[in-house]
Amino acid sequence: MTTPLSEPARLRTAEPIIQLFHVSKVYAQEHRALDDVSLRIDKGEFVLLAGPSGAGKSTLLKLLVCAEPPTSGQIVVSDVSVHRMRRASVPYLRRNIGVVFQDFKLLYRRPVFDNVAFALEVLGLPRAEIRRRVTRVLHQVGLGTKLHLLPGRLSGGEQQRVAIARALVIEPAILLADEPTGNLDPALTIDILNLFLDTNIRGTTVVLATHDEAILRRYRQRTLTLEGGRLVEDSR
Ligand SMILES: Nc1ncnc2c1ncn2[C@@H]1O[C@H](COP(=O)(O)OP(=O)(O)OP(=O)(O)O)[C@@H](O)[C@H]1O
Ligand SMILES: [Mg+2]
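This one's a predicted model, so the numbers in the text were calculated from it and none came from an experiment.

A.B. asks: Sorry, what's going on with the overall build of the protein chain here?
C.D. replies: The number of helices and strands found in the protein chain is eight helices and 10 strands. Compactness check: the protein chain gives a C-alpha radius of gyration of 18 Å against a globular reference of 18 Å for 236 residues, within 12% of the reference. By principal-axis analysis of the C-alpha atoms, the protein chain measures approximately 55 × 50 × 40 Å. Buried positions account for 48% of the 236 residues belonging to the protein chain. Sequence separation of at least 24 residues holds for 68% of the intrachain contacts in the protein chain that already meet a minimum separation of 6. In the structure as shown, the protein chain presents an accessible area of about 12400 Å², 50% of it carried by carbon and sulfur atoms. In the protein chain, 32 side chains carry a positive charge and 25 a negative one; their mean positions are 6 Å apart.

The structure is reproduced here in structure tokens:
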């Protein structure tokens, strides 16, 4: 049967990039950090992940990057089952997923420039290309004059921006950001969110975890809400 001409393009092109099937994560006995979560995020979406502290937002993002295995259920990222590709997955993840962790995970003995360049060095890019991209992204996050400082010499908000630059510099297919503006003032929060929106417009799928009500009100994006490990709302 032929596709009717009136069908919106979105319906014909929507392609899943992240899928969870009945995913649960149990850390301590009885306590379910994630409880039977099923969801689908399509290529090119910008999705907010909301919910109170302890709801399971960080856990969900950790499972997506294989930092933790699920207790049960299945996770598929870009057609690959995360469960099955655990060991072989690292290069794949480095190339395709940019992550801003809630606790930054910076290399504190290496200057800002190296922290961001490292993500490209492991991909084997030429030195001149690395310098160009790292310098550009550090300017975009407002750290153009702090390239040579050690992260310990920066404020919390500046360290957060190094983590953001490191995730953006690989121009990832998927950007996962865990409370990426938690330490930023309102003006800087808007700058960084605009940067994420630009990245999304250029094709990156963005998943942004936050419990910042101001962000949730201001950006009327699809919002997935977790509560006590359960997906209680999908605003799509
Ligand atoms: N490594 C761990 N070991 C044991 N319990 C954990 C671990 N990581 C998370 N948890 C528990 O899982 C639940 C969900 O935690 P998670 O960090 O995913 O919440 P969150 O929604 O990111 O919260 P916040 O908004 O405070 O960052 C919490 O009850 C937490 O105590
Ligand atoms: Mg968290």
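A.B. asks: How should I be thinking about the coordination of the magnesium ion (ligand 2) in this particular structure?
C.D. replies: Six octahedral donors around a metal ideally make angles of 90 or 180 degrees; four tetrahedral donors ideally make 109.5 degrees. In this structure, Ser58 (OG) and Gln102 (OE1) serve as the protein donors to the magnesium ion (ligand 2), at separations of 2.0 to 2.3 Å. Of this pair, Ser58 sits in helix α2 (residues 57-64) while Gln102 is found in the loop between β6 (97-100) and α4 (112-121), placing the two residues 44 residues apart along the sequence. Ser58 sits in the buried class, given a relative accessible area of 18%.

A.B. asks: Explain the layout of surface pockets to me, please; I cannot follow it from the model alone.
C.D. replies: A water-sized probe rolled over the atoms picks out the places where empty space is left. Its boundaries defined by the atoms lining it, the second largest pocket holds a volume of some 240 Å³. Looking at the second largest pocket, it is lined by 13 residues, and the ones nearest its centre are Arg136, Gln140, Leu168, Glu171 and Arg202. Going through the elements one at a time, α5 (127-140) and α7 (186-201) are the ones with two or more residues in the lining of the second largest pocket. Per-class residue counts for the lining of the second largest pocket are five nonpolar, three polar and five charged.

A.B. asks: Looking at this structure, how should I read the environment of Leu48?
C.D. replies: Tracing the sequence through the fold places Leu48 in strand β3 (residues 46-50). What makes Leu48 buried here is its relative accessible area of 1%. As a C-alpha pair, Leu48 and Ala67 span 19 residues in sequence and 21 Å in three-dimensional space. Not counting residues within four places of it along the chain, the set of residues in contact with Leu48 comprises Leu208, Ile215, Leu216, Tyr219, Gln221, Arg222, Thr223 and Leu224.

A.B. asks: When you look at the packing of α4 against helix α6 (residues 156-168) in this model, what are you seeing that I'm missing?
C.D. replies: When two helices pack together, you describe them by how their axes are tilted relative to each other and by the distance separating the axes. At their nearest, the axes of α4 and α6 sit 8 Å apart, and the two run at 25° to each other. Taken together, α4 and α6 sit at an angle that is classed as roughly parallel. Classified by chirality, the crossing of α6 by α4 is right-handed. Across the interface between the two elements, Val112, Asn115, Val116 and Ala119 of α4 pack against Val162, Ala165 and Arg166 of α6. Its residues placed into classes, the contact of α4 with α6 shows five nonpolar, one polar and one charged.

A.B. asks: Would you take a moment to explain α2 for this structure?
C.D. replies: Each turn of an α-helix holds 3.6 residues, which means side chains three or four residues apart point in the same direction. With seven of eight residues buried, α2 lies mostly within the body of the structure. The set of residues buried in α2 consists of Lys57, Ser58, Thr59, Leu60, Leu61, Leu63 and Leu64. Just downstream of α2, Cys66 is the residue with a positive phi angle, here 65°.

A.B. asks: Before we go on, may I ask you to explain the sheet that holds strand β10 (residues 230-234) in this structure?
C.D. replies: Note on sheets: strands pair through backbone hydrogen bonds, and any given pair is parallel or antiparallel. Read across the open sheet, the six strands follow the order β6-β7-β8-β3-β9-β10; overall the sheet is mixed. Looking at the sheet topology across the chains shown, the edges are occupied by β6 and β10. Ignoring which end each strand starts from, the neighbouring axes of this sheet average 20° apart. Pairing of strand β9 (residues 222-227) with β10 involves four bridges; the strand directions are antiparallel. By the bridge assignment, Leu224 is partnered in β10 with Asp234.

Rules used in this analysis
Residues numbered from 1 in each chain as written. Chains lettered and ligands numbered in written order. Predicted model: local features only at pLDDT ≥ 70, side-chain atom pairs only at ≥ 80, totals over all residues. Heavy atoms only, no water. Helix = DSSP H or I, 4+ residues; strand = E, 2+ residues; numbered from the N terminus. Rg over C-alpha atoms; globule rule 2.2 N^0.38 Å. Buried < 20%, exposed > 50% of the residue type's maximum accessible area, 1.4 Å probe, protein only. Contact = heavy atoms within 4.5 Å. Areas by Shrake-Rupley, 256 points an atom, 1.4 Å probe, with all protein chains shown as cover. Lys, Arg positive; Asp, Glu negative; His and termini not counted. Charge placed at Lys NZ, Arg CZ, Asp CG, Glu CD. Donors = N, O, S within 2.8 Å, 3.2 Å for Na, K, Ca; no water. 1 Å grid on protein atoms, 1.4 Å probe; cavity = no way out; pocket = protein on both sides within 12 Å on 5 of 7 lines; lining within 4 Å. Points joined across faces, edges and corners; volume = space filled by probe spheres on them. Nonpolar A, V, L, I, M, F, W, Y, C, P; charged D, E, K, R; others polar. Axes fitted to C-alpha atoms, helices over the stretch in contact; angles between N-to-C directions. Parallel < 35°, antiparallel > 145°, perpendicular 65-115°, else oblique. Left-handed = near helix turned anticlockwise from the far one by under 90°. Pairing = 2+ DSSP bridges.

Fair warning: the whole summary comes from geometry, so function is off the table for now.
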